[in-house]
Amino acid sequence: MRLLIIGAGFAGMYAALSAARLRDIQGASPDDLEIALIAPEPTLVVRPRLYEPKPETLTAPLLDVLKAIDVNYIQGNAETVNTEARTVQVTTSRDTRKTLSYDRLVIATGSRLFRPDIPGLAEHGFSVDSLDDAVALDKHLHGLADRPAVNGRDTVVVAGGGFTGIEAATELPARLREIFGKDSTARVIIVERNGAIAPDMGEGPRPLIEDALRKLGVESRLGACVASLDRSGVTLSTGEHIETETVVWAAGIRAAPLTAQIPAERDNFGRLLVDRDLRVPGVAGVFATGDAARAACDDEGNYALMSCQHATRMGAFAGNNAAAELLGVPTRPYHQKPYVTCLDLGEAGALFTRGWERKVEMVGDVAKKTKREINTVWIYPPKAERAAALASADPERVTDL
């Protein structure tokens, strides 16, 4: 029997760990149940941290962890999924193709930044969505120091006032001072189409976020969209033109395109609709998880967000349940009632909330300490020790906040 997992992000990593854990508990061997993970590189990109400087350091190796738990790593890109034949076609780095069969498949392909067809965005926009994008932005920012301090060189526009946009914007003042010097007068401007910053965070946290932006000198343009970009800067839907050489796009994500190959229903974000066991209804043998799936967290109408916090736990349940079907043991319905946010606010600290109502629990330096622990410990892979790695993947305990 073979269980294939597509994707080495947080959901894919925990799907592999959890499936291997159940296989070990049931006393099955890797010959009885092969677990294989397909990804371009055996590396976890620590995506929640890509707004930080030195993004090239924000990866974690997975190969030793996978070897420790007897999960096969298959290098390549999953290009085609045939759910009737139960096969996945993989293209390797040498541009060769091979077809793999599966008995169960876990789609953990994650998400990508949504880039609308705005004039000039593809040519002039940056992002912190992928490792390559974040490295390109970092290189660009450092290169600005060699240019004349005119034409908006010292101005950065961040398009999107949600979680990612705020974290990128509040980190930028310190990054720009490091590049231009401590006396730099660099400007950072957030453009948000809604009438308030952090539209999804609610009324409780918002005043604290607004206060942090003021302390950092980060400006806002609310009720405005980016209409176009060119070499001279960005033009907003209000008609305002801002001279800048740097526009960071942080306005929405969508499920990775592979989900479109699964003959099933999807939501507006391209996520596959799944049942409580994270199966894709009507498609035999296929599970979806992480940012590739729209899954109910509870019985109160809350659904998993496209976030690391939900992806890790969803991955653990998907891997467990896919393996459970093959091993003939009961599955475990996915549930994730606890929900927290920890928003980095750069030199202004951080903001920690609990619950879907976003009740503020910590602010400032205290919350910043928690944010650092999340970013440097909690979201990294377990050690490449078999017992510890398998123990880390109990679905009931993963991300149990």
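See above for the structure.
Residues numbered from 1 in each chain as written. Predicted model: local features only at pLDDT ≥ 70, side-chain atom pairs only at ≥ 80, totals over all residues. Heavy atoms only, no water.

Side note on the overall build of the chain
Okay, step 1: A count of helices and strands for the chain gives 9 helices and 25 strands.
Okay, step 2: The C-alpha radius of gyration computed for the chain amounts to 22 Å, which stays within 12% of the reference 21 Å derived for 401 residues, consistent with globular compactness.
Okay, step 3: A buried classification covers 52% of the 401 residues belonging to the chain.
Okay, step 4: Considering only contacts within the chain whose residues lie at least 6 apart along the sequence, 65% involve residues at least 24 apart.
Okay, step 5: Here the chain displays about 17,700 Å² of accessible surface, and carbon together with sulfur accounts for 48% of that area.
Okay, step 6: Charged side chains of the chain number 46 positive and 54 negative; the gap between the two group centres comes to 2 Å. (Helix = DSSP H or I, 4+ residues; strand = E, 2+ residues; numbered from the N terminus. Rg over C-alpha atoms; globule rule 2.2 N^0.38 Å. Buried < 20%, exposed > 50% of the residue type's maximum accessible area, 1.4 Å probe, protein only. Contact = heavy atoms within 4.5 Å. Areas by Shrake-Rupley, 256 points an atom, 1.4 Å probe, with all protein chains shown as cover. Lys, Arg positive; Asp, Glu negative; His and termini not counted. Charge placed at Lys NZ, Arg CZ, Asp CG, Glu CD.)

Some details on the sheet that holds strand E7 (residues 87–91)
Okay, step 1: Spatially, 3 strands are ordered E6-E7-E8 in an open sheet, and the strand pairing comes out antiparallel. At either margin of the open sheet sits one strand with a lone partner, and together these are strand E6 (77–82) and strand E8 (97–101). Along the sheet, successive strands turn relative to each other by an average axial angle of 25°, direction set aside.
Okay, step 2: Judged from the 5 bridges that link them, E6 and E7 form a sheet pairing that is antiparallel. Counted as the bridge partner of Asn-82 is Thr-87 from E7. (Pairing = 2+ DSSP bridges. Axes fitted to C-alpha atoms, helices over the stretch in contact; angles between N-to-C directions.)

With respect to the nonpolar core
Inside soluble globular proteins, nonpolar side chains tend to come together where they are buried.
Okay, step 1: With 109 residues, the main nonpolar core has Leu-3 and Val-88 as its most contacted residues.
Okay, step 2: Aside from chain neighbours lying at most four places away, what touches Leu-3 is Ala-19, Leu-33, Glu-34, Ile-35, Ala-36, Arg-104, Leu-105, Val-106, Gly-319, Ala-322, Ala-323 and Leu-326.
Okay, step 3: Core analysis: the next-biggest nonpolar cluster, separate from the first, contains 15 residues, Leu-113, Leu-121, Val-157 and Leu-236 among them. (Core = buried A, V, L, I, M, F, W, Y, C linked by side-chain atoms within 4.5 Å.)

Observations concerning the layout of surface pockets
Okay, step 1: Of the voids in this model, the second largest pocket is the one considered here, and its volume is about 180 Å³.
Okay, step 2: Of all elements in the fold, only helix H3 (121–124), strand E15 (226–230) and strand E18 (246–249) reach the threshold of two or more residues within the lining of the second largest pocket.
Okay, step 3: Looking at the lining of the second largest pocket, its residues break down into 3 nonpolar, 5 polar and 5 charged. (1 Å grid on protein atoms, 1.4 Å probe; cavity = no way out; pocket = protein on both sides within 12 Å on 5 of 7 lines; lining within 4 Å. Points joined across faces, edges and corners; volume = space filled by probe spheres on them. Nonpolar A, V, L, I, M, F, W, Y, C, P; charged D, E, K, R; others polar.)

Things to note about the environment of Arg-332
Okay, step 1: Inspection of the secondary structure assignment puts Arg-332 in the loop between helix H7 (308–327) and strand E23 (340–344).
Okay, step 2: Classification of Arg-332 by relative accessible area gives partly exposed; the value is 28%.
Okay, step 3: Counting along the chain gives 12 residues from Arg-332 to Asn-320, while the straight-line C-alpha distance between them is 7.7 Å.
Okay, step 4: Leaving out residues up to four positions away in the same chain, Arg-332 has contacts with Asp-277, Phe-317, Asn-320, Asn-321, Asp-394, Pro-395 and Glu-396.
Okay, step 5: Within the structure, the side chain of Arg-332 is placed 3.2 Å from the side chain of Asp-394, a separation counted as a polar contact. (Polar contact = N/O pair within 3.5 Å; in protein donor to acceptor, adjacent residues only side chain to side chain.)

A word on the side chain of Glu-52
Okay, step 1: Along the chain, the position of Glu-52 falls in the loop between strand E3 (43–45) and strand E4 (59–61).
Okay, step 2: Of the residues examined, Glu-52 reaches a relative accessible area of 13% and is grouped as buried.
Okay, step 3: Among the polar contacts listed, one links the side chain of Glu-52 to the side chain of Arg-49, at a separation of 2.9 Å.
Okay, step 4: Excluding anything up to four places from it in sequence, Glu-52 contacts Leu-58, Glu-171, Arg-175 and Asn-375.

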